[in-house]
Amino acid sequence: SNIELWRQMYKDNFFYQIYFQKEGVAEEELERDIELSLRKIYYWISAEGHDAKVKTNFDKDSELLDGLINPDPFPNWLTKEDLNFYINEFKQSGFRGPINRYRNQDRDWLNIPELSELKIEVPSFFIGGEKDSVRKFIKGHDFYADPGKHCNDFYGKIIIDNAGHWVQQETPEATTKAIIKFLKRLEENNK
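For every chain, the first residue of the written sequence is number 1, and numbering continues from 1 along that sequence. Only residues with pLDDT of 70 or above have their local features reported here, since the model is predicted, and side-chain atom pairs are shown and tallied only from 80 upward, although totals for entire chains, interfaces and linings are computed over all residues. Excluding hydrogens and water, the side-chain figures rest on all heavy atoms present in the structure.

**Points about unusual backbone geometry**
No. 1: Following D72, the chain continues into P73 via a peptide bond in cis, with omega recorded as 5 degrees.
No. 2: Secondary structure elements are defined from DSSP: runs of H or I of at least 4 residues count as helices, runs of E of at least 2 residues count as strands, and each element is numbered from the N terminus. Locating P73 in the fold gives a position in the loop between α5 (47-51) and α6 (80-93).
No. 3: Unusually for a residue other than glycine, K53 sits at a positive phi of about 55 degrees.
No. 4: For K53, the location among the structural elements is in the loop between α5 and α6.
No. 5: If you check the backbone angles, N162 has positive phi at about 55 degrees while not being a glycine.

**Structural notes on a nonpolar patch on the surface**
No. 1: A contiguous nonpolar surface patch, about 260 Å² in accessible area, is contributed by I112, L115 and L118.
No. 2: Along the chain, I112 turns up in the loop between α8 (105-111) and β1 (124-129). In this scheme, patches are assembled from residues that exceed 30% relative accessible area and form no salt bridge. Like charges are connected within 9 Å, while nonpolar side chains (Val, Leu, Ile, Met, Phe, Trp, Tyr) are connected within 5 Å. To measure how exposed things are, a 1.4 Å probe is used in the Shrake-Rupley method; for residues, cover is taken only from the protein chains shown. Each reported salt bridge corresponds to a side-chain nitrogen of Lys or Arg within 4 Å of a carboxyl oxygen of Asp or Glu.

**Regarding the packing of aromatic side chains**
No. 1: Put simply, two rings from Phe, Tyr or Trp (the six-membered ring, in Trp's case) pair if the centres are within 6.5 Å, and we call them stacked under 30 degrees between planes, edge-to-face over 60, tilted for the rest. Overall, the coordinates contain 19 aromatic pairs when judged by the stated rule.
No. 2: With 5.1 Å between their ring centres and 65 degrees between their planes, F20 and Y102 make a pair best called edge-to-face. Highlighted residues: F20 in the loop between α2 (16-19) and α3 (25-32) and Y102 in helix α7 (residues 96-103), separated in sequence by 82 residues.
No. 3: Between the aromatic rings of F90 and F95, the centroid separation amounts to 4.3 Å while the plane-to-plane angle is 15 degrees, which identifies the pairing as stacked.
No. 4: Throughout, exposure labels follow a simple rule: accessible area from a 1.4 Å probe, protein chains only, divided by the maximum for the residue type, with under 20% read as buried, over 50% as exposed, and the rest as partly exposed. Using a relative accessible area of 5% as the deciding quantity, one classes F95 as buried.
No. 5: An aromatic cluster of three or more residues is present, and its members are W6, Y10, F14, F15, Y16, Y19, F20, W44 and Y102.

**Some words on the pattern of salt bridges**
No. 1: Overall, the coordinates contain 10 salt bridges when judged by the stated rule.
No. 2: One salt bridge connects R7 with E4, and the closest N-O pair in it is separated by 2.6 Å. Of this pair, R7 and E4 are both found in helix α1 (residues 2-9), 3 residues apart, which corresponds to roughly one turn of the helix.
No. 3: E23 is the salt-bridge partner of R96, the closest N and O atoms lying 2.3 Å from each other.

Structure follows, in structure tokens:
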């Protein structure tokens, strides 16, 4: 499973997906100051964070936010109004639900092994950010190189320049344009 790979690769260093495995730890940290947590996380894997070489601490006993930057001012792609919306949502829901997704990696492999063999059958199109740190989780490997390998009706990909992980927030016009182009191609193929 992915989590076992991460445990091997990062056995001596901090890696957020390993940190998320112990129930309650990440939630307690992130819920101490939700605004600070969101500001640091959104900046961390944005294009600006990529360019600033923002990284978590390497010490495996670190917390997630240790070493991350609280940008001032925040890049203009996330308005104060939008940030406040997200803050209020997390105040109501907490972080447990999203973090539990990472905690279920082992369970997914055990309970639904057939997913590793399935192909995505619906029409698919991939949109990613050029500077998304997820692309390079493993040195020398680009996870965006072949996003259609598990798709049976793949319409291609677009890698948006100067965008990080949050393409829809960082580059809404380019993202929307790519979605519309994909939908038009779908419509043409279904006539």
